[in-house]
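Chain and residue survey
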Amino acid sequence: MHEMSIVSGILRIVENEARSGNAKKINSIELEIGQLAGIELDSLRFCYQVASKDTMADGAKLIIREIPGMGHCENCNENVSVEFHVAVCPQCNESLMDVFQGRELKVSSINVD
Ligand SMILES: [Zn+2]
């Protein structure tokens, strides 16, 4: 389950951030996760519940913003939505696409006390 290592990484980032701001507690964490990032959100939430115990983020609310997959098809010269890892243009079925959105995985903000 690679979600657990993702969660550990996230917790490390937010704890560092909170410490450098002299915070005592993390209230909420906002994540941006692309729909093509290959992350199971249910599993991510579960891992977070487990891994955040006894950290500064214990009890912090996890807010997940999903970023839809978008790609550019050179054939059609248009931006189209991408739902799968193998980016195929829904209009012309060419796999020429340059996927420019949807693989994000980042902490967009945290709220601390
Ligand atoms: Zn196309």
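It should be noted that the structure appears before, not after, this text.
The notes below deal with the structure included here. For clarity, every value in this text was computed on a predicted model and none was experimentally measured.

Counting its regular elements, the chain contains two helices and six strands. For the chain, whose C-alpha radius of gyration is 17 Å, the value lies well above the compact-globule estimate of 13 Å for 113 residues. Along the longest, intermediate and shortest principal axes, the C-alpha atoms of the chain span 55 × 25 × 15 Å. By residue count, 36% of the 113 residues in the chain fall in the buried class. The contacts of the chain with a sequence gap of at least 6 include a subset with a gap of at least 24, amounting to 70%. For the chain, the computed accessible surface area is about 6800 Å², with 46% contributed by carbon and sulfur atoms. Separation between the mean location of the 10 positive side-chain charges and that of the 17 negative ones in the chain comes to 11 Å.

All right, on to the sheet that holds strand β2 (residues 61–67) then. Spatially, three strands are ordered β2-β1-β6 in an open sheet, and the strand pairing comes out mixed. Edge strands, defined here as strands with exactly one partner in the open sheet, are β2 and β6 (105–112). Put simply, the sheet's adjacent strands are angled 20° from each other on average, direction ignored. Where strand β1 (residues 26–34) and β6 come together, seven bridges link them in antiparallel fashion. When the bridges of β6 are listed, Ile-29 appears paired with Ile-110. Helix α1 (residues 3–20) rests against β1 and β6 of the sheet, and its axis sits at about 40° to β6.

We now examine the side chain of Glu-15. Locating Glu-15 in the fold gives a position in helix α1. On the basis of relative accessible area, Glu-15 is assigned to the buried category, the value being 16%. Each residue touching Glu-15, except ones within four places of it in the same chain, is listed here: Ile-26, Thr-55 and Met-56.

Reading the values: rules and limits
- Each chain has its residues counted from 1, following the order in which its sequence is written.
- Reporting of local features is limited, given that this is a predicted model, to residues whose pLDDT is at least 70; pairs of side-chain atoms are given and counted only at 80 or more, and all residues count toward the totals for whole chains, interfaces and linings.
- Computation of side-chain values: all heavy atoms of the structure, hydrogens and water removed.
- What counts as a helix is a DSSP run of H or I of at least four residues, what counts as a strand is a run of E of at least two, and both are numbered from the N terminus.
- The globule rule used here is 2.2 Å times the number of residues to the 0.38 power, and the radius of gyration it is set against is calculated over C-alpha atoms.
- Burial here depends on accessible area, computed with a 1.4 Å probe over protein chains only, as a share of the maximum for the residue type. Under 20% is buried, over 50% is exposed, and the range in between is partly exposed.
- By definition, residues are in contact when any of their heavy atoms lie within 4.5 Å.
- Per-residue accessibility takes into account occlusion by the displayed protein chains alone, with areas from the Shrake-Rupley method and a 1.4 Å probe.
- Under the counting rule used here, the positive set is Lys and Arg, the negative set is Asp and Glu, and His together with the chain ends is not counted.
- Here the site of a charge means NZ on Lys, CZ on Arg, CG on Asp, or CD on Glu.
- Strands pair, by our definition, only if DSSP identifies at least two bridges between them.
- Note on geometry: axes are C-alpha line fits, over the in-contact stretch for helices, and angles between N-to-C directions span 0 to 180 degrees.

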